[in-house]
Amino acid sequence: MTYPEKFLTLDSEHLGRFIERVRDPETHFVISLGSGAMLALASSLSILGAVDELGLRGHVDEVWGASSGAMAAGLWCSGVQAGEVMALLRRLRRRDLVDVAWGHILRGLFTRRWNLDLADGLINGRALMGRIKRLLRVERVEECQVPLRILLAHDDGSARVKVVKKGPLVDAIRCSIAMQGVMRPGWFEGERFVDPTLLEKTPLPSITVDFDASRNSKKLLILAAFFGYHGQTKPVKGMMSRIFFFKEVLQYQVFLAHLSAVRNRPATEVIVYSPCIHDVDTLAVEQADEIFTEVQRQMAVRLSNDYLDADIQKSDPDFWVPRWCPSTLFKKGEGGGYRHPRDE
């Protein structure tokens, strides 16, 4: 398979086959957005923004999200445009996203209550969630303009996933982003929950179980967005980045297992989009615009008529990167952006 000689655009000419499948009245179209810190947040917003640009919002039957994907999905489904969230991100700095839980940490150190305070997490999450709450257009999940499903994981040692379809929206998002050991667990309707992505980084099994339970007779079409660090070319530094990176390696293998199972289902199609973005730090809010632009640029390739049916499972074992990964199209320029080799 060869790559196009010039950038493609997000339009009906290049993405005609994808648009036709989404608009098919006999198709139940689901967008599934995975985790991955700032990379996943900016990427998810870019994908949802592209859906609006293509005029497909009205054809989206459900949006599922986990962790950062849940945050982007919650905002968009509530009626917030992707550009509004990007405007917020441009005003933020990394320290605006992190409110260290000093009280809990110190209490744990001085009282040796390791099992309660210190091990719960290093970040409270109030700083970020306060900003997200002010953006949300609705208060409850079931009030969203587009049907929304958020994945949580029970914080009781059972390794059970909970699918949220109704309840306080900001609480559901807060629980879904509560990465174990980094952010303190959240509370949703009286129970403690954490980030579900060790169990289901990009929602797939939960989607099919829910779809079967609904007895829906339509074809199931899932656009599954997997955000990983397969564009990493520099050594990983810092505690959070190391935790995220090595989690990603394990989560990719779990995702492939989930993908294999889903693809064996009748009347089900999964289109995997896994954008390759190079060297993104965990909280790299200053890279959000670059990520947003690059994800749409690669999306125009991945969902184009020529590449729509590419097989993600034909991957490079050394880098666990799909061979069709559009990042091979681009090289990093002197200013930090990406350019096509033909432009050199």
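As a reminder, the structure under discussion sits directly above these lines.
Worth saying up front: this structure is predicted, and the values here are computed from it rather than measured.

Moving on, we come to the overall build of the chain. Along the backbone of the chain there are eleven helices and twelve strands. Looking at the chain residue by residue over its 344 residues, the buried ones come to 56%. Partitioning the intrachain contacts of the chain with sequence separation of at least 6 by distance along the chain shows that 74% fall at a separation of at least 24. Approximately 15,200 Å² of the chain is accessible, and the part contributed by carbon and sulfur atoms is 52%.

Our next topic: the packing of aromatic side chains. Within this structure, the stated rule accounts for four aromatic pairs. Aromatic pair Phe 18 and Phe 29: ring centres 6.2 Å apart, planes at 80°, arrangement edge-to-face. Of this pair, Phe 18 sits in helix α1 (residues 16–23) while Phe 29 sits in strand β1 (residues 27–33), and the two are eleven residues apart along the sequence. As far as the burial class goes, Phe 18 and Phe 29 line up, both buried. An angle of 35° between the planes, with centres 4.8 Å apart, marks the rings of Phe 226 and Phe 255 as tilted. You can see Phe 226 sitting in the loop between β7 (219–225) and α10 (239–263) and its partner Phe 255 sitting in helix α10, a full 29 residues away along the chain. Members of the aromatic cluster, joined through ring pairs, are Phe 226, Tyr 252 and Phe 255.

Tracing the sequence through the fold places Met 71 in helix α3 (residues 68–77). We classify Met 71 as buried; its relative accessible area is 3%. The sequence separation of Met 71 and Leu 41 amounts to 30 residues, and the corresponding C-alpha distance is 7.2 Å. Leave out the neighbours within four places in its chain, and Met 71 touches Leu 41, Leu 128, Met 129, Ile 132, Ile 173 and Ile 177.

Let's shift gears to helix α2 (residues 37–53). Over its 17 residues, α2 extends 24 Å from the first C-alpha to the last, a length consistent with the 24 Å expected when each residue adds 1.5 Å. Counting buried positions along α2 gives 15 out of 17 residues, so the element sits mostly inside the fold.

So, on to the side chain of Glu 200. Within the secondary structure, Glu 200 is located in the loop between β6 (191–194) and α9 (205–213). Comment: no salt bridge for buried Glu 200; closest opposite-charge side chain is Arg 265, at 11 Å. A distance of 2.9 Å separates a polar atom in the side chain of Glu 200 from the backbone nitrogen of Leu 204. Of note is the side chain of Glu 200, whose polar atom sits 2.8 Å from the side chain of Ser 206. With residues near it in sequence (within four places) discarded, Glu 200 still touches Ala 66, Leu 151, Val 161, Pro 205, Ser 206 and His 258.

Counting residues in each nonpolar core, the largest one holds 81 residues, and the members touching the most others are Phe 18, Leu 45, Val 63, Met 71, Leu 89, Ile 150 and Leu 169. Of all the elements, α2 adds the most residues to this core, at eleven residues. Apart from the residues lying within four places of it in its own chain, the contact partners of Leu 45 are Ala 72, Ala 82, Val 85, Met 86, Leu 89 and Phe 292. In this structure, Ala 66, Tyr 252, Phe 255 and Val 262 belong to the second largest nonpolar core, which totals 18 residues.

So, how was this worked out
- Residues numbered from 1 in each chain as written.
- Predicted model: local features only at pLDDT ≥ 70, side-chain atom pairs only at ≥ 80, totals over all residues.
- Heavy atoms only, no water.
- Helix = DSSP H or I, 4+ residues; strand = E, 2+ residues; numbered from the N terminus.
- Buried < 20%, exposed > 50% of the residue type's maximum accessible area, 1.4 Å probe, protein only.
- Contact = heavy atoms within 4.5 Å.
- Areas by Shrake-Rupley, 256 points an atom, 1.4 Å probe, with all protein chains shown as cover.
- Phe/Tyr/Trp six-rings, centres within 6.5 Å; stacked < 30°, edge-to-face > 60°.
- Expected span 1.5 Å × (residues − 1).
- Lys, Arg positive; Asp, Glu negative; His and termini not counted.
- Salt bridge = Lys/Arg side-chain N within 4 Å of Asp/Glu carboxyl O.
- Polar contact = N/O pair within 3.5 Å; in protein donor to acceptor, adjacent residues only side chain to side chain.
- Core = buried A, V, L, I, M, F, W, Y, C linked by side-chain atoms within 4.5 Å.

Treat this as a map of the structure, not an account of what it does.
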